[in-house]
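Tertiary structure, described
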Amino acid sequence: MATPPSTSSATTATPSGGKSDQEEQEDSKTKLREIGDQAVWSLSSCKPGFGVNQLRDDSVETYWQSDGTQPHLVNIQFRRKTTVHSVAIYADYKSDESYTPNKISVRIGNNFHDLQEIELLELGQPNGWIRIPLTDAQGRPVRTFMIQIAALSNHQNGRDTHMRQIKVYAPTQENVFHHMPNFSTVECSMYSIIR
């Protein structure tokens, strides 16, 4: 089983254009957590036994297989507006061949009716985790209620799509207690322990 991108710096492959060294260094300082379990997942179609459960089971041996016309959609809806840093997709061209997505669109919005495309990727022959950073015009992580991942086309003009895993990452929130001052005076240390 292949492990997902490290939650401290999720990088394996980048969209066309890539990132500068400075952006990569800043990105590696960001601590991330996987938030996919906080969302409601739905698919445009799937073959029986190849649905959301296989897409989210942490095994790269299983996969979602679409069963319908393109584009094939994965909808990820959060109950509240959520800060999202990146999305990671596991793809394996050697195993899936014509089922492997060739062109992927990532859209965000409040609901199905106002989705806007923020990333469009063309994949070569992917083998492993593909990290897609989701940032606004100022380079900050996006805040959204919904993410839609659309497989627009497949390699070798394949009809149905395989996606083996999808992970959604958010920046961790700083905890106030990590920055508590060290009280060294006698007066303060008297109240440092609760009985």
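Before any of the text, the structure's been laid out above.
In this report, the structure presented in the accompanying data block is examined. Being a predicted model, the structure only gives us computed values, none of them experimental.

The subject of this paragraph is a nonpolar patch on the surface. On the surface, V186, M190 and Y191 cluster together into a nonpolar patch covering about 400 Å² of accessible area. Checked against the element boundaries, Y191 lands in the segment after α4 (186-189). Residue Y191 is classed as exposed on the basis of its relative accessible area, which comes to 66%.

Neighbouring strands of a sheet are bound in pairs by backbone hydrogen bonds; such pairs are parallel or else antiparallel. Taken in spatial order, the four strands make up an open sheet running β1-β11-β5-β8, and their pairing is antiparallel. In this open sheet, the two edge strands, each paired with only one partner strand, are β1 (32-34) and β8 (127-133). Strand-to-strand, the axes of this sheet are offset by a mean angle of 30 degrees, without reference to chain direction. In the sheet, β1 pairs with strand β11 (residues 165-171) via three bridges, with the strands oriented antiparallel. Bridge assignment links R33 to a residue of β11, and that residue is A170.

Let us look at unusual backbone geometry. Residue Q70 is joined to P71 through a cis peptide bond whose omega torsion reads 0 degrees. By the element assignment, P71 lies in the loop between β3 (64-65) and β4 (72-84). The backbone of D58 sits at a positive phi, close to 65 degrees, despite the residue not being glycine. Residue placement: D58 occurs in the loop between α2 (52-55) and β3. Of the residues examined, D58 reaches a relative accessible area of 39% and is grouped as partly exposed. Here N157, not a glycine, exhibits a phi torsion of approximately 55 degrees, which is positive. By the element assignment, N157 lies in the loop between β9 (142-154) and β10 (162-163).

Analysis parameters
Residues numbered from 1 in each chain as written. Predicted model: local features only at pLDDT ≥ 70, side-chain atom pairs only at ≥ 80, totals over all residues. Heavy atoms only, no water. Patch = residues over 30% accessible without salt bridge, like charges linked within 9 Å, V, L, I, M, F, W, Y side chains within 5 Å. Areas by Shrake-Rupley, 256 points an atom, 1.4 Å probe, with all protein chains shown as cover. Salt bridge = Lys/Arg side-chain N within 4 Å of Asp/Glu carboxyl O. Helix = DSSP H or I, 4+ residues; strand = E, 2+ residues; numbered from the N terminus. Buried < 20%, exposed > 50% of the residue type's maximum accessible area, 1.4 Å probe, protein only. Pairing = 2+ DSSP bridges. Axes fitted to C-alpha atoms, helices over the stretch in contact; angles between N-to-C directions.

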